[in-house]
Amino acid sequence: MKKAIVIAFLTMGIGLCAQTLTVKDKSSLQALPGVKINNLVTNEKGQIELFLISVDKTVFNLYHISKQGYFSDSFTMKQLQDLNFTVYLSESTHDWAGIVVSASRFEEDSRDIAQQLTVVDQKQMQFLNQPTTAELIQQSGRAFVQKSQMGGGSIVMRGFEANKVLMVVDGVRMNNAIYRGGHLQNVLSVDNNMLEKTEMLFGPGSVIYGSDALGGVIHFYTKKPVLSSKGKPTFSSMAFTRYGTAMNEKTAHFDFNIGLKKFAFLSSATVSNFGDMRIGKNGVKGYESWGRRTFRVDRINGQDSMVVNKDSFNLIPSGYTQWDLMQKVLFKPSKYSEHVLNLQHSNTTDIPRYDRLSELRGGLPRQGDWYYGPQTRTLASYKYSISKKTSAFEKANIILAYQDIKESRHTRSFKSNNLSNRNEHVQVSSLNADFQKDLGVRTEMRYGLEYVHNTVNSTGDKENIVTGEKSAIDTRYPDGGSIMRSMAVYISQNTYFSKNLIVNTGIRFTSVYLNSKFVNKTFFPFLNSEIEQRNQNTSGNIGLVYNAKKDLKLSATLASGFRAPNVDDMAKVFESVGGRIIVPNKNLRPEQTNNIDLGIQKIFMKKLSVEVNAFYTQFTNALTLGRAQLNGQDTIVFDGQTSTIYSTQNAQEAFIYGLYFGLNYDVNKAISINGNVNYTYGRIKTDTTDYPLDHISPVYGRVGIVYKHKKWKGELFTLFNGAKRSKDYNLLGEDNQVYSADLVNGYNPAWATLNVRGFYQINKLLQVQLAIENILDQHYRTFSSGYSAPGRNFVLTLRGNF
């Protein structure tokens, strides 16, 4: 009663007033949502209402201001008044805790997760300012990227690549039934300009995500529509234009958000045009001609001609154009539920397969044409989320999705008039239902189910480019179509034995069915008309986390992973080289991994954070090519010659181990140092000497120093790769020794680039970014790539937020 009287007296006698406090990033001047101010949080505009006693603005407690990734600060009311109620926070690099989603499909503190992970947020991605998502991943230094052409970028995690690394966008798996074991460029269909964050989960992720998550999971989260926090509609937009010299890159992007009380609409468009690549002029000593484009193929008087390329540092042809569109609609009828419609479309022009076009045979080009046709990916998904306590769950997410993917390959031998066209059309329907329940007794449970259905249609023809006449050829996949479907259920939980000790556990059961049909057996009369396969897998994990103190985390994980054979593994029929034909094998079993992880993270003096992670992976039932038989015979007459029969088989056992070391050091609020290094070693077990496993990247990483000041931020950094020795190449797999080690004294040379980037915030609306990549104009190739990296590259970007 007395307390109420005192409050009433103060209110009537003195009066209360409200003051808007705004929190911004010190360098970019952009508003910071989610900033904690005592027990309050800023809105999407970085603002919060403080109720002040007008008589004396110096009384009451300090206002403690903090946000993940920034230095905390405290102010008295008098100090806030002197700052006109606008506070600028400086970025911090030493705080490694944060909220992540990829580990369990629900938000949780990364300190509670045993598995190694990293997050690249929107602010970092904007600062990295890369032309494609593949380059974004490479620039982070946390994963390795292989390239066979400019429109490429195959991600390698812990020695696993392509169909053994799972990519997910907004909760929907991107990997489909024709993801191959070689090199993939599908990551390019994700527009990095519309990403809110990218989470990389290292090691097996099969409990939550199912098949393909052997090396890890890369989960892309696109930006969310923003509702209006006021009584009237709100509008915001962002646009930029970028030019890069090395690829003659011209990119334009525009997105805008319309926010209402219960509805929000987010739209975006990005168009990028890439010219032919210019490589570095400072080559490997003694091998200066390596990687240079000394010739090209021109069509002269209806004939292929080998023509001298006068500018051998210009990789002709390599350029292409890409455009990406996105539309999201958010409907939030109550504080408990929301509905999101998510539409994405990505498309490219033809993409030259540069590595194939650079090959010679008998001193002449092997190919007159080799290009990928337009690659398209269309995604339509609906997500329903509810946060309300029921007997079955407290939170639930249900995602219905449909994807339509088209890709093609077009090849023509030098001097030939016949162009082979092979087209693939994949349609994927999926359902994910995930639930979270607090069981009490310090236990959080998550459970769910997944259903994925793939259909694959493959066509092919041979076209005479002179007469236009077309004829049938063998298709890449069965011409009668293929289906692949999987059904899975899983359960996982976090058990908090104490404030410091957390145990992560989980188990998943998956059933996979695959069926392919051959209709036109003209080319493969020895095959059955139908191939059918069923397999099941159970995978699990257990992780232990011990947060000894606020600034020390110890973790250990045991996990199993699997990858179910897909249409590319089981049903592809082709003549890989003259005299060797690969036929289907319906008895394939899932590839399996068993993995152990040990990790430590420590913060020293609230300035230096260090992370060390070691892993060992046992890889069994690995798919490889081996001799096979048909009807008791190991050879067959095919296309007029006797060919040896091969098939994909579960024949390999291998092991991989590696080490990651990373650090971030805040020298002060203006200067910070960052660095990481990754080492991986892998071998196939044999009866004699263990043989190199393919896809094992050399040592790689990055080191940088960042300087931040009001209105601008800059970084001087280096990216580096160690050498790959010839004896460490796998000559039977996808290491592509012919593009490096065969040409440069038996190894892929080590390399390091010196780079600088930065931005200046002209005002709260306009920002200019400038970067000089590969300052020393080094010529280099990343391991396994048949395409050299850009030379010295000047990048200029003008960005506006409105």
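Computed from a predicted structure; not experimentally measured. (Residues numbered from 1 in each chain as written. Predicted model: local features only at pLDDT ≥ 70, side-chain atom pairs only at ≥ 80, totals over all residues. Heavy atoms only, no water.)

With that settled, the discussion passes to the overall build of the protein chain. Broken down by element type, the protein chain carries 7 helices and 54 strands. The dimensions of the protein chain, computed from C-alpha atoms along their principal axes, are 105 × 60 × 50 Å. Counting over 802 residues, the protein chain shows a buried share of 55%. In the protein chain, the share of contacts with a sequence separation of at least 24, taken over all contacts with a separation of at least 6, comes to 67%. Looking at the protein chain as shown, the accessible area adds up to about 34200 Å², and 57% of this sits on carbon and sulfur atoms. Each charge class in the protein chain was averaged separately, 92 positive and 69 negative side chains, and the resulting centres sit 6 Å apart. (Helix = DSSP H or I, 4+ residues; strand = E, 2+ residues; numbered from the N terminus. Buried < 20%, exposed > 50% of the residue type's maximum accessible area, 1.4 Å probe, protein only. Contact = heavy atoms within 4.5 Å. Areas by Shrake-Rupley, 256 points an atom, 1.4 Å probe, with all protein chains shown as cover. Lys, Arg positive; Asp, Glu negative; His and termini not counted. Charge placed at Lys NZ, Arg CZ, Asp CG, Glu CD.)

Turning to a nonpolar patch on the surface, a few remarks are in order. Together, I542, L558, I596, L598, Y616, Y657, L659, Y679 and V699 line one region of the surface with nonpolar side chains, adding up to about 780 Å² of accessible area. Elements with a contribution of two residues or more to the nonpolar patch: strand 42 (591–604) and strand 45 (641–666). Structurally, the position occupied by I542 is in strand 38 (residues 530–549). Accessibility expressed as a relative area gives 43% for I542, which makes it partly exposed. (Patch = residues over 30% accessible without salt bridge, like charges linked within 9 Å, V, L, I, M, F, W, Y side chains within 5 Å. Salt bridge = Lys/Arg side-chain N within 4 Å of Asp/Glu carboxyl O.)

I155, M157, M200 and F220 are the most contacted members of the largest nonpolar core, which has 53 residues in total. When near neighbours in sequence (up to four residues on either side) are disregarded, I155 contacts I137, A143, F144, V145, F160, E161, A162, V165, M167, V187 and I218. (Core = buried A, V, L, I, M, F, W, Y, C linked by side-chain atoms within 4.5 Å.)

A few words on the sheet that holds strand 11 (residues 144–146). One open sheet accounts for 3 strands, arranged 11-12-13; its pairing is antiparallel. Every interior strand has two partners, whereas the edge strands, strand 11 and strand 13 (160–161), have only one. Here strand 12 (residues 154–157) runs beside strand 13; their pairing, made up of 2 bridges, is antiparallel. From the neighbouring strand, M157 faces strand 13, where its bridge partner is F160. (Pairing = 2+ DSSP bridges.)

In this section: the side chain of S784. With respect to the element layout, S784 can be found in the loop between strand 53 (766–773) and strand 54 (793–801). Each residue touching S784, except ones within four places of it in the same chain, is listed here: Q146, H183, E734, D735 and N736.

This part covers the sheet that holds strand 15 (residues 172–173). Spatially, the 5 strands line up as an open sheet ordered 10-16-17-14-15, and their pairing is mixed. Bordering the open sheet on either side are strand 10 (117–121) and strand 15, each of which pairs with just one other strand. Sitting on the sheet, helix 4 (residues 133–140) touches strand 10, strand 16 (195–202) and strand 17 (216–222), and the angle it makes with strand 16 is about 60°. (Axes fitted to C-alpha atoms, helices over the stretch in contact; angles between N-to-C directions.)

With that settled, consider the packing of aromatic side chains. Evaluated as defined, the whole model comprises 20 aromatic pairs. Where Y354 meets Y787, the ring centres are 5.6 Å apart and the plane angle is 70°; that geometry is what we call edge-to-face. Placement of Y354 in helix 6 (residues 354–357) and of Y787 in the loop between strand 53 and strand 54 is noted, with a sequence separation of 433 residues between them. Since its relative accessible area comes to 3%, Y787 is described here as buried. Among the aromatic residues, those joined into a cluster by ring pairs are F144, Y700, Y729 and F783. The positively charged end of R799 is found above the aromatic ring belonging to F240, 4.7 Å away from the centroid. (Phe/Tyr/Trp six-rings, centres within 6.5 Å; stacked < 30°, edge-to-face > 60°. Lys NZ or Arg CZ within 6 Å of the ring centre and 35° of its normal.)

Turning to unusual backbone geometry, a few remarks are in order. Omega for the peptide link from I316 to P317 comes to -10°, which places this bond in the cis form. In this structure, P317 sits in the loop between strand 24 (314–315) and strand 25 (320–334). Unlike most non-glycine residues, N621 shows phi in positive territory, near 55°. For N621, the position within the fold is in strand 43 (residues 608–627). We note that N774 has phi near 55°; this positive angle belongs to a residue other than glycine. Along the chain, N774 falls in the loop between strand 53 and strand 54. Of the residues examined, N774 reaches a relative accessible area of 2% and is grouped as buried.

Moving on: the pattern of salt bridges. The tally for this structure, following the rule as stated, stands at 39 salt bridges. For the salt bridge of E249 with R242, the shortest nitrogen-to-oxygen distance reads 2.9 Å. The same class applies to E249 as to R242, namely buried. R422 is the partner of D474 in a salt bridge, and the nearest nitrogen-oxygen pair spans 3.2 Å. One end of the pair, D474, is in the loop between strand 35 (470–472) and strand 36 (482–496); the other, R422, is in strand 33 (residues 418–440), and 52 residues separate them in sequence. Look at R422 and you get partly exposed, because its relative accessible area is 21%. Salt bridges sharing partners connect three or more residues here, namely K164, R563, D569 and E591.

Here the focus is the side chain of S312. Examined against the element boundaries, S312 turns out to sit in the loop between strand 23 (303–308) and strand 24. Exposure remark for S312: the relative accessible area of 9% places this residue in the buried category. A distance of 2.9 Å separates polar atoms of two side chains, one belonging to S312 and the other to R292. The contact partners of S312, leaving out residues within four places of it in the chain, are R292, R293 and T294. (Polar contact = N/O pair within 3.5 Å; in protein donor to acceptor, adjacent residues only side chain to side chain.)

Let us look at the confidence of the model for the protein chain. Here the protein chain averages 90 in pLDDT, and 95% of its residues register 70 or above. Element-level pLDDT for the protein chain is lowest in helix 1 (residues 2–13), with a mean of 43, against a maximum mean of 98 in strand 26 (residues 337–348). In the predicted structure, residues 53–59 sits below a pLDDT of 50 and forms 14 contacts with residues beyond four places in sequence or in another chain. (pLDDT = per-residue confidence, 0-100.)

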